[in-house]
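# Understanding the architecture of this molecule
If you want the building blocks of each chain, they are given just below.
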Amino acid sequence: MSSGTVENTEPKESDEKTEEPESALETARRQLEHAAAHLDVDSGVIERLKHPTKVHRVAVPLERDDGEVEVFTGYRAQHDDVRGPYKGGLRFHPHVSEEECVGLSMWMTWKCAVMDLPFGGGKGGVVVDPKSLSSDEKEKLTRRFAEELRPFIGPKKDIPAPDMGTDAQTMAWFMDAYSMQEGETIPGVVTGKPPVVGGSEGRDEAPGRSVAIIAREAADYYDYDLEETTVAVQGFGSVGANAARLLDDWGANVVAVSDVNGAIYDPDGLDTHSVPSHEEEPEAVMTHDVPQKLSNEKILELDVDVLVPAAVGNVITADNAADVEADVVVEGANGPTTFAADSILQERGVQVVPDILANAGGVTVSYFEWLQDINRRQWSLERVNDELESHMLSAWNDVRAEVEARDVSWRDAAYIVALSRIAEAKSTRGLWP
Ligand code: NAD
């Protein structure tokens, strides 16, 4: 699993329609204020939510394969745990920073709350290019990072997961290092592990599955018959390919998909299972034999019912929002729509269902994994998928109720649901001393 960058962009006051990048932290705080404006929430609660509870910074020494010792910097930001332990990914990436971890930990607080999971938001990582590490070095770095974070994490305190540059194997090493020092096997300290060491069935597919469920519900809400709904999916990786294939299986007409090299388009519908996903054969979508090939920009402008941007952040911007012809955008990637683009789409009546709801299947199945670990049980894939379906429908219905009651966008509604839950928990617990 990964949880990409969420830098949004603000409109610049010039004729050129270019946008300034906005940090994850600025985005997270702006969304908080947006939602707060709709609610009668104590200003002290909002003030508390603007700041992370704790940010840990650790030095992670590593003896490289050539015998040299290098010291890397690691972080763990813990935003808020009023509803339960902190939850969120650990990334190995050269651009990891304290501010980015804080911003992304806030996003996790909203995502867990909109899904009504008993978790708060956390995020962390090591400032390192994982491609520069051998497998042995990556294992040693992971184990030492786990040891440095050990006082602050645990199944009841803070539960990391994989993110950019880390994967199921990284989580297995992390869990092993933590367990060895604690003197007992504690699988619930991290999620996203391989099933053989306490991982959950269905975890890898879950973000794509949740995107498909939400796209299906959105189509139904706007009175489309799924059998006649046309869908375009940008990005054919873990999120995009799983979402596209499920929608295809459920009868939707997936007419276009893309990878970093471009898009394939067939107005009669693609056989998505025969198009190689990123995992099956990286960046091979364009090798598929279809009537039309398009650029990655053009796939966003196709006249389809549902558009799923599921590749990277900031692809729908002030420059192309006016050209988006889809009626509904379901955000598969994190932060694919910039702030300026969001306003343009809203003015044009294009409905945007936000990432914190649509791709939350990953953290939801992480919650199931944690439940399985602490209960020492293994759920079947069927049970995981059934529970995911019911959690997604429940979150969808909660957000839909706010859309209808307040006449707000899907994004604002999702943040309103999240903030009301967090604020109510904060007010009920009170401030001590
Ligand atoms: P992935 O690496 O499996 O696949 C990414 C796909 O996007 C590939 O097909 C790649 O070719 C394509 N791509 C890359 N850059 C592109 C570009 N500039 N233009 C068009 N296509 C491009 O990644 P993923 O895990 O599917 O993640 C995709 C997005 O979803 C990211 O924003 C990620 O943060 C977010 N997300 C992922 C998960 C998860 O668990 N995998 C969960 C929540 C959110």
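These figures come from a predicted structure and were not determined experimentally. (Residues numbered from 1 in each chain as written. Predicted model: local features only at pLDDT ≥ 70, side-chain atom pairs only at ≥ 80, totals over all residues. Heavy atoms only, no water.)

The next point concerns the pattern of salt bridges. Considering all chains together, one arrives at 29 salt bridges under this definition. Salt-bridge contacts for Arg-64 lead to Glu-137; the nearest nitrogen and oxygen are separated by 3.1 Å. In this pair, Arg-64 sits in the loop between β3 (54–63) and β4 (69–80) while Glu-137 sits in helix α4 (residues 135–149), placing the two residues 73 residues apart along the sequence. Considered together, Arg-64 and Glu-137 belong to a single accessibility category, that of buried residues. Arg-143 is the partner of Glu-139 in a salt bridge, and the nearest nitrogen-oxygen pair spans 3.0 Å. Here Glu-139 pairs with Arg-143, and both are found in helix α4, just four residues apart, close to one helical turn. A relative accessible area of 25% means that Arg-143 is categorised as partly exposed. Within the structure, one salt-bridge network assembled from shared partners comprises Arg-83, Asp-116, Asp-398 and Arg-421. (Salt bridge = Lys/Arg side-chain N within 4 Å of Asp/Glu carboxyl O. Helix = DSSP H or I, 4+ residues; strand = E, 2+ residues; numbered from the N terminus. Buried < 20%, exposed > 50% of the residue type's maximum accessible area, 1.4 Å probe, protein only.)

Moving on, we come to the packing of helix α1 (residues 24–36) against helix α13 (residues 410–429). Two elements in contact, α1 and α13, have axes separated by 9 Å at closest approach and are oriented at 85°. Considering their axes alone, α1 and α13 lie roughly perpendicular with respect to each other. Residues Gln-31, Leu-32, His-34, Ala-35 and Ala-36 of α1 form the contact with α13, whose participating residues are Arg-411, Asp-412, Tyr-415, Ile-416 and Leu-419. Classifying every residue of the contact of α1 with α13 gives six nonpolar, two polar and two charged. (Axes fitted to C-alpha atoms, helices over the stretch in contact; angles between N-to-C directions. Parallel < 35°, antiparallel > 145°, perpendicular 65-115°, else oblique. Contact = heavy atoms within 4.5 Å. Nonpolar A, V, L, I, M, F, W, Y, C, P; charged D, E, K, R; others polar.)

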